[in-house]
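# Structural features, examined
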Amino acid sequence: MKKSRRNFLKFAGLSAATLCFSPAAGALAAGHGTPHPKPNADQLKAKRWAMVVDTRKLNTDEAIAPLVKACHSIHNVPDIPGNKNIKWLWAGSYEETFPEQPNNFPSEDLERRRFILLCNHCDQPPCVRVCPTKATFQRPDGIVAMDYHRCIGCRYCMAGCPYGSRSFNWGEPRDNLDLKALNKEFPTRMRGVVEKCNFCVERLAQGKLPACVEASNGALTFGDLSDPDSEVRKVLKENYTIRRKPALGTQPSVYYII
Amino acid sequence: MQYGGKIITGLIIFLGLLCVPLLFNTASTGNAAYKQPKLELPKDEKKCIESTEFMRREHMQLLNDWRDWALRDGQRTYVNAEGKPFSISLQNTCMKCHAKKAEFCDKCHNDAAVSPYCWDCHIQPEGLSNEKK
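The next subject is the pattern of salt bridges. Residue and element names in this part refer to chain B. Under the counting rule described, the total for this entry stands at 18 salt bridges over all chains. Across the pair E40 and K100 runs a salt bridge whose closest N-O atoms are separated by 3.4 Å. Of this pair, E40 sits in the loop between α1 (4-29) and α2 (52-71) while K100 sits in the loop between α3 (90-97) and α4 (105-111); the two residues are 60 residues apart in sequence, bridging distant segments of the chain. For E40, a relative accessible area of 30% translates into the label partly exposed. Here K100 falls in the partly exposed class, since its relative accessible area comes to 43%. Among the salt bridges present, the one from R67 reaches D68, with a minimum N-O distance of 3.2 Å.

It is worth spelling out the interface of chain A and chain B at this point. With 38 residues of chain A in contact, the opposing surface of chain B contributes 32 residues. For the pairing of chain A and chain B, the buried interface totals around 2,900 Å² over both sides, and the portion due to carbon and sulfur atoms is 50%. The tally of links between chain A and chain B comes to 2 salt bridges. Summed over the shared surface of chain A and chain B, the result is 15 residue pairs in polar contact (both at pLDDT 80 or more). Mapped onto the side of chain A that touches chain B, the elements with two or more residues apiece are β1 (36-38) and α7 (201-204) of chain A. Broken down by element, the side of chain A that touches chain B gets its largest block of residues, 3 residues, from β1 of chain A. Bridge count for β1 of chain A against strand β1 (residues 77-79) of chain B is 3 bridges, and the pairing is antiparallel. Note on β1 of chain B: the bridge partner recorded for P37 of chain A is Y78 of chain B.

Time to look at the pairing of strand β3 (residues 89-92) of chain A. Residue and element names in this part refer to chain A. Side chains of β3 alternate between two faces, with L89 and A91 and W90 and G92 buried alike. Of the pairings in the sheet, the one linking β3 to strand β4 (residues 115-118) comprises 4 bridges and is antiparallel in character. Bridged to G92 within β4 is F115.

A word on the domain arrangement of chain A. Considered domain by domain, chain A is made up of domain 1 (1-30) and domain 2 (31-257). Centre-to-centre separation of domain 1 of chain A and domain 2 of chain A, based on C-alpha positions: 59 Å.

Residues and elements named next belong to chain A. Within the open sheet, the 4 strands sit side by side as β9-β2-β11-β10. Their pairing is mixed. Of all strands in the sheet, those bounded by a partner on one side alone are β9 (220-224) and β10 (241-242). Pairing analysis gives 2 bridges linking β10 to strand β11 (residues 254-257), with the strands arranged antiparallel. Counterpart to I242 in the pairing with β11 is Y256. Packing against the sheet, helix α9 (residues 231-238) makes contact with β2 (49-54), β9, β10 and β11, and its axis sits at approximately 120° to β9.

Residue and element names in this part refer to chain A. Of note, H121 is a non-glycine position whose phi angle comes to about 45°, a positive value. Relative to the elements of secondary structure, H121 occurs in the loop between β4 and α5 (126-130). One non-glycine residue with positive phi stands out, namely C200, at about 55°. Within the secondary structure, C200 is located in the loop between β8 (194-195) and α7. The exposure class of C200 is buried, given its relative accessible area of 6%.

Right, let's get into the nonpolar core. Residues and elements named next belong to chain A. Ranked by internal contacts, the top residues of the largest apolar core, which has 38 residues, are M51, F199 and L220. For this core, the elements supplying multiple residues, two or more each, are β2, α2 (61-74), β3, β4, α7, α8 (211-214), β9 and β11. Contact partners of L220, with chain neighbours within four places excluded, come to M51, V52, V53, L58, L67, I116, C212 and V213. In this structure, C127, V144, M146 and C157 belong to the second largest nonpolar core, which totals 10 residues.

Ordered in space as β1(A)-β1(B)-β2(B), the 3 strands form an open sheet in which the pairing is antiparallel. The two strands at the open ends of the sheet, each matched to only one other strand, are β1 of chain A together with β2 (85-87) of chain B. Strand-to-strand, the axes of this sheet are offset by a mean angle of 35°, without reference to chain direction. Here β1 of chain B pairs with β2 of chain B via 3 bridges, running antiparallel. Among the inter-strand pairings, V79 of chain B is bridged to a residue of β2 of chain B, identified as P85 of chain B.

This part is about a nonpolar patch on the surface. Together, M1, Y3, I7, L11, F14, L15 and L18 of chain B give the surface a local cluster of nonpolar side chains, amounting to about 810 Å² of exposed area. For F14 of chain B, the location among the structural elements is in helix α1.

About the criteria used
- Starting from 1, residues in each chain are numbered consecutively following that chain's sequence as written.
- Chain A is the first chain written and ligand 1 is the first ligand written, with later ones labelled in order.
- At least 70 in pLDDT is required for a residue's local features to be given in this predicted model, at least 80 for side-chain atom pairs to be given and counted, and no such filter applies to totals for whole chains, interfaces and linings, which use all residues.
- Only hydrogens and water are set aside; all other atoms, that is, all heavy atoms of the structure, feed into the side-chain values.
- For this document, the term salt bridge refers to a Lys or Arg side-chain nitrogen within 4 Å of an Asp or Glu carboxyl oxygen.
- Comment: elements are numbered from the N terminus, with helices defined as DSSP H or I runs of at least four residues and strands as E runs of at least two.
- Relative accessibility under 20% of the residue-type maximum defines a buried residue, over 50% an exposed one, and the middle range a partly exposed one, all with a 1.4 Å probe and only protein chains included.
- We call two residues in contact when some of their heavy atoms are within 4.5 Å.
- Two parts lose some accessible area (1.4 Å probe) when they are put together, and adding that loss for both gives the buried area.
- Distance and chemistry together define a polar contact, namely a pair of N or O atoms within 3.5 Å, with one atom able to donate a hydrogen and the other to accept it when in protein, and with adjacent residues in sequence counting only for side-chain atoms on both sides.
- By the convention used here, strands pair only if DSSP detects at least 2 bridges between them.
- Reported domain spans reflect what an automatic or database domain assignment gives.
- Axis angles are defined between N-to-C directions and span 0 to 180 degrees, where every axis is a line fitted to C-alpha atoms and, for a helix, only to the segment in contact.
- We define the nonpolar core as a collection of buried residues of types Ala, Val, Leu, Ile, Met, Phe, Trp, Tyr and Cys that are connected through side-chain atoms lying within 4.5 Å of one another.
- To count toward a patch, a residue needs a relative accessible area above 30% and no salt bridge. Like charges then connect within 9 Å, nonpolar side chains (Val, Leu, Ile, Met, Phe, Trp, Tyr) within 5 Å.
- Accessible areas in this description were obtained via Shrake-Rupley with a 1.4 Å probe; residue shielding takes into account the shown protein chains only.

Below, the structure is given as structure tokens:
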């Protein structure tokens, strides 16, 4: 080729264009071959998960027990006699549930009612703020989750949680579990970590509703709080609901129909 | 050298003692070289999620990534180098094929004298027995 100014400019231009496009072409070609994670195809999605408890339907220890059993059996939660018990889901009286809204002469019905209690998955979770290792964290969908791999058992989160939703494993939890009846799809915990309800993230990822909601015969409603047409928003619109300890500003995601 | 004889004899005895473990090892096994443990591989599955070399070298890093992806990022499907999807789960994916922890994980880990704490919480496919504490 003749070494002319024209040819030199052509060659330079072509080289510059190749340099510009080669990274994009490389990325396109490699896109298929690079291993990567992605969300499950059948997962349930929300901007903020929430639960509404209808305490008119669900208000006795006998009615709450099967829900607790469903939760504790699939999550391998031990039942330990005494004050070292582990609880993800449990029951409490009106006074225990709503200590900020006392009434010296409540109706007989309300006085007798038992309320199902669980982690409130607060919008402003104090447990997440105090955790020194970020073992507990808030997911983008509002669920306050725990990474047991990282928990060092300092129990700051238990001090931070105003709802007593967290339990500490004082001993080896497997010592108090029926090891033959474990759910082999879910791990247990180990000595020295804190645990709590996880709003069944592992079930939501498979497109299933939380175990307690499934077992509740409609007394519990679960859905996306940010979606005005969702089931929970409909129930909240139609009923008078309260939340636990509202003055603390934690903005719980669990609502109680009274 | 003033005490040459004694020093050299001493040195030879010292070197001899130093080599006893090596010689003993050769004599007892007949082969000084380290033997790779024989793992029990799954019968009905020929291919792991990635190549054997990759799994051998990188499985610990992969498990670390899997944990963070599933737990922290909520991304529970792993797409491998061939574009095939797998559910991210130690108990429900890895151990469904490698159904005997004692014949797979433990073999190399015992040889290499490492004790990962996976099974403090995760349930091994063999199950747990109430007697073993």
